[in-house]
Amino acid sequence: MVTPTRFPILARNAIACALLPMLLAMPAPAWLPGATVAHAQPAGLPDLGESSADELSPRLERRLGEAIMAQSLSDPDYIDDPDISQYLNAMASNLSAHAPSDTQQIHVFPVRDASVNAFAMPGGFIGINAGLVVAAQSESELAGVMAHEIGHVVQRHVARGLVQQKQTSIIMVAALLAALVAARGNSQAPEAAMAFGQAAAIDAQLGFSREAEREADRTGFQMLSASGYDVNGMASFFGRLMALSSVNERTSTSFTRTHPLSLERMSDMQNRARSLSTGAAPPPSPPDFYFVRAKLRVLQAASGQDTIDAIRLLESRAMEATGVEKAAAYYGAGVGYLRRRDYAKAQEAYDLATSGARDHVMLAGLAIDIAMAQGNADKALTLSRAARERWPLQTSLAYDYADALQRTGRHSDAVVFLNEQIARYPDQPRFRQMLATSYGGLQQPVAERRAMAEFYSRTGAMSAAVELLTQARALSRDFYEQSQIDAQLRELQRRVKEENDMLKRFKS
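Residues numbered from 1 in each chain as written. Predicted model: local features only at pLDDT ≥ 70, side-chain atom pairs only at ≥ 80, totals over all residues. Heavy atoms only, no water.

Colleague: Describe the overall build of the protein, with residues and values.
Modeller: Within the protein one finds 25 helices and three strands. A sequence separation of at least 24 residues applies to 71% of the contacts in the protein between residues at least 6 apart. For the protein, the exposed surface amounts to about 21700 Å²; the carbon and sulfur share of it is 52%. (Helix = DSSP H or I, 4+ residues; strand = E, 2+ residues; numbered from the N terminus. Contact = heavy atoms within 4.5 Å. Areas by Shrake-Rupley, 256 points an atom, 1.4 Å probe, with all protein chains shown as cover.)

Okay, here's the thing in structure tokens:
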């Protein structure tokens, strides 16, 4: 699989420090009139009515979020893992389907950060730290936190906070937009990598008011209950975080700092949970929860030693656990060994995880990854074909199958398959990148450049996309194809202008 280029966090921080003095001197954006005094938080977040909608409409907010996400794919903290993303977004879809009012489409993405936290960005994009998933004891606890974050989106707290926060949020948005502008022509630029961190900083800087947090709690509870999760999940997880913070401030979680918990809020959550509880035992967490949690325990590792520690912990838990939790722990250890290129140990962990006829889609993915890492592409193709027959809607297996087709030289088959996946998942840019690889293998330079241009346009590198389309047009000798490319170029130019106009609204 192709993974985004990663950049050192220290370099990103250095860029941020260099930009900050310039950003501090920027005037307030025209769309955010009023006093320039910075406030710690909007006092109570009153209803802003049409004024709020005019200053930061849902459409503009969504476009800003999309621009952030396009650049964030290069961030070293972004976890590009289709299994985890599919699990988190299925949960978000289930919750948001029961929102009390129409809301923006929710997109959840995992973050390589061991701290216990989550954050909402403009436009319905929600980041979930690996540490938060690892700390959750049940799926309902994780769903409770996600429901709370979706509650912020439903109530438009991010947009309202940006409008009311005045100068402090202006500095954060300006820093973010400076990164986007600097990275406009190249999605692999170092400036692109800082966009993600700046976006997370916006959430922390807003410091939602107590009333906003209560609103998110209430909305989240409603979604949690209607979606079939244990209503005690939110209260139990927040209660544990609050207890940890009260015992020792130095060990307080990031979540309790960015989402201040109070006895009043905890009492309200517990009362609501009691009123909705049926008294029956909570349903068990599904296998997906345990496998995703085990994988994230390894992926959150910041060093080789951290990976070793995670493997040891998972192996220790596997010795004590039973059933699906045992299998998931061995699976996580297998992922860790694979990262360390210890293929024999990875295979051993896989064998232990599948003992007793234990089966799961992520175990099938691990077997494919081991075969691929060992250079056995034929075996990987056989395994991925069988796995897709069993789990046809799993995106990760589609990537694995396409990768195996390419590695075994079956580029014609890969082109057909990848075009099918692009039609099914139009918002997954990596399929287009893989399609470009297969067109290259088939010596079709025009199609190769067009596919790669589409990949670049969907990951924020507009100038690179324009350059590749221009090359494709020069190479083509087909009038109809040239006309199609001309239409693509005009659409790209329209999108660039639209995004630049959006950025100017914030910077002017």
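Colleague: Can you break down the packing of helix H4 (residues 82-96) against helix H6 (residues 139-154) residue by residue, with the values?
Modeller: Axis separation between H4 and H6 bottoms out at 10 Å; the angle between their running directions is 65°. For H4 against H6, the interelement crossing comes out right-handed. Only Glu139, Leu142, Ala143, Met146, Ala147 and Ile150 of H6 make contact with H4, whose side of the interface consists of Tyr87, Leu88, Met91, Ala92, Leu95 and Ser96. When the residues that make up the contact of H4 with H6 are grouped by side-chain class, the tally is 10 nonpolar, one polar and one charged. (Axes fitted to C-alpha atoms, helices over the stretch in contact; angles between N-to-C directions. Left-handed = near helix turned anticlockwise from the far one by under 90°. Nonpolar A, V, L, I, M, F, W, Y, C, P; charged D, E, K, R; others polar.)

Colleague: Mind laying out the pattern of salt bridges, listing which residues take part and the relevant values?
Modeller: Summed over the entire model, instances satisfying the criterion amount to 16 salt bridges. With a closest N to O distance of 2.7 Å, Asp217 and Arg265 form a salt bridge. Here Asp217, found in helix H10 (residues 210-226), pairs with Arg265, found in helix H13 (residues 263-276); they are 48 residues apart in sequence, far enough to count as distant. We classify Arg265 as buried; its relative accessible area is 1%. Overlapping salt bridges bring together Asp427, Arg432, Glu454 and Arg458 as one network. (Salt bridge = Lys/Arg side-chain N within 4 Å of Asp/Glu carboxyl O. Buried < 20%, exposed > 50% of the residue type's maximum accessible area, 1.4 Å probe, protein only.)

Colleague: Describe the sheet that holds strand E1 (residues 107-111), naming the residues involved and giving the relevant values.
Modeller: With mixed pairing, the three strands of this open sheet are ordered in space as E1-E3-E2. On the outer flanks of this sheet lie E1 and strand E2 (118-121), each paired with one strand and no other. Averaged over all pairs of adjacent strands, the angle between strand axes in this sheet comes to 20°, irrespective of strand direction. Here four bridges tie E2 to strand E3 (residues 125-129), and the two strands are oriented antiparallel to one another. By the bridge assignment for E3, Phe119 is matched with Gly127. Sitting on the sheet, H4 touches E1 and E3, and the angle it makes with E1 is about 140°. (Pairing = 2+ DSSP bridges.)

Colleague: So what about the packing of aromatic side chains? Which residues, and what values?
Modeller: A complete count under the given rule lists eight aromatic pairs for this structure. Ring centres of Phe109 and Phe119 lie 6.0 Å apart, and the angle between their planes is 75°; this geometry places the pair in the edge-to-face category. Of the two residues, Phe109 is situated in strand E1 and Phe119 in strand E2; the sequence distance between them amounts to 10 residues. The residues Phe109 and Phe119 share a single accessibility class, namely buried. Note on Tyr425 and Phe431: the rings are 6.2 Å apart at their centroids and 20° apart in plane angle, and the pair reads as stacked. Each member of the pair, Tyr425 as well as Phe431, is classed as buried. (Phe/Tyr/Trp six-rings, centres within 6.5 Å; stacked < 30°, edge-to-face > 60°.)

Colleague: Now, about the nonpolar core: what can you tell me, with residues and values included?
Modeller: Counting residues in each nonpolar core, the largest one holds 115 residues, and the members touching the most others are Leu95, Ile128, Leu132, Leu142, Ile150 and Phe238. Beyond its immediate sequence surroundings of up to four residues, Leu142 is in contact with Tyr87, Leu88, Met91, Ile128, Leu132, Val133, Ala136 and Phe289. Counting nine residues, the second largest nonpolar core, distinct from the first, contains Ile68, Val111, Phe119 and Phe125. (Core = buried A, V, L, I, M, F, W, Y, C linked by side-chain atoms within 4.5 Å.)

Colleague: I'd love a proper account of helix H14 (residues 287-299), names of residues and values included.
Modeller: Helix length check: H14, at 13 residues, gives a terminal C-alpha distance of 19 Å against a target of 18 Å (1.5 Å per residue), a fit within 8%. Among all positions of H14, only Phe289, Tyr290, Phe291, Val292, Arg293, Ala294, Lys295, Leu296, Arg297, Val298 and Leu299 are buried. Buried residues along H14 sit in contact with H4, helix H5 (130-135), H6, helix H15 (304-320), helix H16 (323-339) and helix H18 (361-373). (Expected span 1.5 Å × (residues − 1).)

Colleague: Provide a residue-level description of the side chain of Ser140, including the pertinent values.
Modeller: Relative to the helices and strands, Ser140 resides in helix H6. Of the residues examined, Ser140 reaches a relative accessible area of 8% and is grouped as buried. What Ser140 contacts, discounting residues up to four positions off in sequence, is Leu224, Tyr229, Asp230, Gly233 and Met234.

Colleague: Which residues make up the environment of Asn94, and what are the values?
Modeller: The topology assignment puts Asn94 in helix H4. On the basis of relative accessibility, which here comes to 28%, the residue Asn94 falls in the partly exposed class. For the pair Asn94 and Ala226, spaced 132 residues apart in the sequence, the C-alpha separation amounts to 9.3 Å.

Colleague: Describe the environment of Ala120, naming the residues involved and giving the relevant values.
Modeller: Within the secondary structure, Ala120 sits in strand E2. Exposure remark for Ala120: the relative accessible area of 2% places this residue in the buried category.

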